[in-house]
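# Survey of secondary and tertiary structure
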Amino acid sequence: SCSSPPGVARMSPIPFDGTSAVMFTKADGLAEDPVSALLAAPDGAVWAGHNEGGVSRWDGSRFRAVDLHGRSGSTIKALVPDSEGGLWVLALNEGPVHITASGRVLTAKCSDGPALWYALIRTSDGALIAGRGDGVRAYTVVNDSTLTPLPGTTGITYAPVLALATEGDRVFAGLDGEGVLAFHWTRSGPSSATAVLPEELGSSVVKGLTLDRTGDLIVATFGQGAYELAFTKDGSVRSVTRYHEGN
């Protein structure tokens, strides 16, 4: 085994064969060494979010810290591109901060009560869906910074939502204590919700979600490895496969 400093690693070739990895740290322009979120944006930029609320951007030659003007002081949980070349930055305590394409930094205004913010995605129709300590919330964005709640998501779960993923009109939520919730998203609210319960996953805490090339869902759990969930066309679960140490 080997140890390395915290930061960002650039690995090559792709697929990575273990032959070359370059580490970037605060000495290379990162706002902080610990990195809590990472995004390769559609315009080719690479963004890093940090444990103490900092954000860094790779400009093609080095990382540079982005000044959020004190709007974020807690762990960055997600980085989500908007439709116009800007970026949504999700801070655990403060919630969303919007960096517009012109470089303005705006704190999102939201009428929902205070909560911890764990996850954020942007749907194919432009809505923002957030995973919070009190469940799932969906918003439409007005004037770059006002989050107007959309109907239907309040009450779909009250468990903390630690991870989110989306493909087309499908949304997947990883829950703390209640497994995975899958539903179809429309502006009028979610439909066809399917729950994959903790006993099926071997863990009650879902820490991460991503979709593979076939549309199956890869679920990272706390202490129980990863699972692959395959769904039928109507949204029900077809199979659950566990991956753990050794496979």
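A brief report on the enclosed structure follows. (Residues numbered from 1 in each chain as written. Predicted model: local features only at pLDDT ≥ 70, side-chain atom pairs only at ≥ 80, totals over all residues. Heavy atoms only, no water.)

### Thoughts on the sheet that holds strand 7 (residues 76-81)
- If you trace the 4 strands from one edge of the open sheet to the other, you get 7-8-9-10, paired in antiparallel fashion. Every other strand in the sheet has two partners, leaving strand 7 and strand 10 (105-107) as the edge strands with one partner each. Each adjacent strand pair in this sheet contributes to an overall mean axis angle of 20 degrees, direction not counted.
- Relative to strand 9 (residues 95-99), strand 8 (residues 87-91) is paired through 5 bridges, and the arrangement is antiparallel. Note on strand 9: the bridge partner recorded for L90 is P96. (Pairing = 2+ DSSP bridges. Helix = DSSP H or I, 4+ residues; strand = E, 2+ residues; numbered from the N terminus. Axes fitted to C-alpha atoms, helices over the stretch in contact; angles between N-to-C directions.)

### Overview of the pattern of salt bridges
- Tallied over the full model, the rule gives 8 salt bridges.
- We note a salt bridge from R187 to D125, for which the minimum N-O separation is 3.3 Å. One end of the pair, R187, is in the loop between strand 18 (180-186) and strand 19 (189-196); the other, D125, is in the loop between strand 12 (117-122) and strand 13 (128-132), with 62 residues separating them in the sequence.
- What makes R187 partly exposed here is its relative accessible area of 32%.
- A salt bridge links R132 to D134; its shortest N-O distance comes to 2.9 Å.
- What emerges from the salt-bridge pattern is a single network uniting D112, R132, D134 and R137. (Salt bridge = Lys/Arg side-chain N within 4 Å of Asp/Glu carboxyl O. Buried < 20%, exposed > 50% of the residue type's maximum accessible area, 1.4 Å probe, protein only.)

### What about the nonpolar core?
- I129, V161, L164, V171, A173, L175 and W185 are the most contacted members of the largest nonpolar core, which totals 16 residues.
- Of all the elements in the fold, those that place two or more residues in this core are strand 12, strand 14 (135-142), strand 16 (161-167), strand 17 (170-175) and strand 18.
- With residues up to four places along the chain from it excluded, the contact list for L175 reads T157, A159, P160, V161, L181, S204, V205 and V206. (Core = buried A, V, L, I, M, F, W, Y, C linked by side-chain atoms within 4.5 Å. Contact = heavy atoms within 4.5 Å.)

Spatial relationships are all this shows, so hold off on functional conclusions.
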